[in-house]
Amino acid sequence: MKVNSAKFVLSAFEESQWPRDRRPEVAFMGRSNVGKSSMINSLLRVKGLARTSSTPGRTQSLNFFLINERFYFVDLPGYGFARAPREVRESWGDLVADYLAKRDSLVLSIHIVDSRHEPTTLDLQLREWLLANGKPFLTVATKSDKLSQNESHKNLARARKVLDAVGRGAGGELLAYSATTGRGRERVWHAIEEAVAASQSPS
Ligand SMILES: Nc1nc2c(ncn2[C@@H]2O[C@H](COP(=O)(O)OP(=O)(O)OP(=O)(O)O)[C@@H](O)[C@H]2O)c(=O)[nH]1
Ligand SMILES: [Mg+2]
């Protein structure tokens, strides 16, 4: 997809702040620090539009970016950030859980896992939830540049096995990605394009 425009629109701390124009939304989710915001920047080929940090818990609200005046990318807070105070952790959970459960314009969930590690219990719980609720999703293993080709291959096979044990669904495949090298970029864009187009075609 050719990106002609990409702009930050708003940061939502509660439901009343979500955009009301009903454009389709593609949301990026995964554990804290896994590379959600970096993936958004690398897909858009920009630096710093979505704010990234080496400290987990950088993104604490739902951040909406309008792409080509046509659809939104939604950068979600991460899960599994143990150092946050309990109330904050719980409210992040509600914020994201409400968004995922209620948002009709969510056309694709991009579930990001870390190439270097086996999917965590929370990763598997999210997958289970996406499958149980019939949410279209794509799973992407990022930071693949941190592994040798051999390790990347091995880890992908291992992760696929663990994920497939939970269930596969329509979008259950696992793509390798790197925000640093751009590996996997075209395939992720292809899935986004398809999901957005399907939601906008007359039915
Ligand atoms: N080498 C490499 N580093 C990456 C990649 N993706 C992200 N990072 C690094 O990982 C760290 C976390 O990236 P973020 O994009 O901020 O992660 P996040 O998931 O948005 O984090 P939170 O908003 O805190 O949940 C940063 O230091 C990034 O530079 C990647 O594909 N390769
Ligand atoms: Mg982030």
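Heads up: the structure comes first, above all this text.
A brief structural summary. (Residues numbered from 1 in each chain as written. Chains lettered and ligands numbered in written order. Predicted model: local features only at pLDDT ≥ 70, side-chain atom pairs only at ≥ 80, totals over all residues.)

1. Focus on the site of ligand 1
- Close contacts around ligand 1 come from 22 residues, with Gly35, Ser38, Thr52, Thr59 and Gly78 the closest.
- A per-element tally of the shell around ligand 1 places helix H1 (residues 36–44) first, with three residues.
- Partitioning the shell around ligand 1 into residue classes produces three nonpolar, 14 polar and five charged. (Near = placed C-beta within 6 Å. Helix = DSSP H or I, 4+ residues; strand = E, 2+ residues; numbered from the N terminus. Nonpolar A, V, L, I, M, F, W, Y, C, P; charged D, E, K, R; others polar.)

2. Let's talk about the nonpolar core
- Core analysis: the biggest nonpolar cluster contains 39 residues, and Val26, Phe28 and Val74 have the highest contact counts within it.
- It is strand E5 (residues 106–114) that provides the largest number of residues to this core, a total of six residues. (Core = buried A, V, L, I, M, F, W, Y, C linked by C-beta atoms within 7 Å. Buried ≥ 20, exposed ≤ 12 C-beta atoms within 10 Å, placed from the backbone.)

3. Points about the environment of alanine 101
- Mapped onto the elements, alanine 101 comes out in helix H2 (residues 86–102).
- Judged by C-beta crowding, with 11 C-beta atoms within 10 Å, alanine 101 ranks as exposed.
- Along the backbone, alanine 101 and asparagine 133 are 32 residues apart, and their C-alpha atoms lie at a distance of 8.3 Å.

4. Focus on the pairing of E5
- Most of E5 is tucked away, with nine of its nine residues classed as buried.
- Here strand E2 (residues 25–30) runs beside E5; their pairing, made up of six bridges, is parallel. Paired with alanine 27 across the bridge in E5 is serine 109.
- Bridge analysis of E5 against strand E6 (residues 137–142) gives six bridges, and the strand direction is parallel. Counted as the bridge partner of isoleucine 110 is leucine 138 from E6.
- Handedness of the crossover joining E5 and E6 through helix H3 (residues 121–132): right-handed. (Pairing = 2+ DSSP bridges. Right-handed = clockwise from strand over helix to strand, strands pointing away.)

5. Let's talk about H1
- Most of H1 sits out of view: eight of its nine residues are buried.
- Along H1, the residues that are buried comprise Lys36, Ser37, Ser38, Met39, Ile40, Asn41, Ser42 and Leu43.
- The elements touched by buried residues of H1 are E2, strand E3 (62–67), strand E4 (71–75), E5, E6 and helix H5 (185–200).
- At the C-terminal side of H1, arginine 45 shows a positive phi close to 55 degrees. (Contact = placed C-beta atoms within 7 Å.)

6. Details of the environment of lysine 2
- Turning to its location among the elements, lysine 2 is positioned in the segment before strand E1 (6–12).
- Residue classification places lysine 2 among the exposed residues on the basis of 5 C-beta atoms within 10 Å.
- Considering only alpha carbons, one finds lysine 2 and tryptophan 189, 187 residues apart in sequence, at a separation of 9.7 Å.

7. Here's the deal with unusual backbone geometry
- One non-glycine residue, asparagine 68, adopts positive backbone phi at about 50 degrees.
- Looking at where asparagine 68 falls in the secondary structure, it is placed in the loop between E3 and E4.
- Using a count of 12 C-beta atoms within 10 Å as the deciding quantity, one classes asparagine 68 as exposed.
- The phi dihedral of glutamate 69 falls on the positive side, at around 55 degrees, and the residue is not glycine.
- Within the secondary structure, glutamate 69 sits in the loop between E3 and E4.
- The exposure class assigned to glutamate 69 is exposed, which follows from the 9 C-beta atoms found within 10 Å.

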